[in-house]
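Fold and geometry: a report
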Amino acid sequence: MTASTTFVRACGLSELEEDTPKRVELDGTPVSVVKTEGEVFAINDICSHANVSLSEGEVEDCQIECWLHGSAFDLRTGKPSGLPATRPVPVYPVKIEGDDVLVSLSQES
């Protein structure tokens, strides 16, 4: 991250349920915010295989699964773990300040 990285409030930490994705829109970009395994992740909400919302899928083992065809994406890297998706989805840096979950749309990967 650079000193010029801009973070915006995505939601409240208290609004997140464990392993339940929350869809937010930041500057017109759909983002899925997920609290799992003691961490909070932000990943682009659109599956790279089919144009559907990842936040409607399930979270398990630090992965979010696309409900339509079953591809799962690593919440840390955005990389798919299996077909039919072959391209990663963007992941974004997250900071927690008090109850605020802050996300930067500059990509980590």
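These lines cover the structure that appears in this document, whether it is placed above or below. (Residues numbered from 1 in each chain as written. Predicted model: local features only at pLDDT ≥ 70, side-chain atom pairs only at ≥ 80, totals over all residues. Heavy atoms only, no water.)

**Quick notes on the sheet that holds strand S8 (residues 91-92)**
Threshold: Criterion used throughout: strands pair if DSSP finds at least two bridges between them. Each helix is a run of DSSP H or I of at least 4 residues and each strand a run of E of at least 2, with the numbering of both proceeding from the N terminus.
Strand order in the open sheet formed by four strands is S2-S3-S4-S8, with antiparallel pairing between adjacent strands. The two strands at the open ends of the sheet, each matched to only one other strand, are strand S2 (22-26) and S8. As paired elements, strand S3 (residues 29-36) and strand S4 (residues 39-44) share six bridges and run antiparallel to each other. Counterpart to Thr-36 in the pairing with S4 is Glu-39.

**Topic: the side chain of Ser-71**
The cut-off we apply is this: For the exposure calls, accessible area comes from a 1.4 Å probe over protein chains only, and a residue counts as buried if that area is under 20% of its type's maximum, exposed if over 50%, partly exposed in between. Counted as a polar contact is a pair of N or O atoms within 3.5 Å, where, for protein atoms, one must be capable of donating a hydrogen and the other of accepting one, and residues adjacent in sequence contribute only when both atoms are in side chains. Between two residues, a contact is recorded if the distance between any of their heavy atoms is within 4.5 Å.
If you trace the backbone, Ser-71 turns up in the loop between strand S6 (63-65) and strand S7 (72-74). When its relative accessible area of 2% is taken as the criterion, Ser-71 is described as buried. A distance of 3.5 Å separates a polar atom in the side chain of Ser-71 from the backbone oxygen of Leu-83. Beyond its immediate sequence surroundings of up to four residues, Ser-71 is in contact with Ile-64, Glu-65, Cys-66, Gly-82, Leu-83, Pro-84 and Ala-85.

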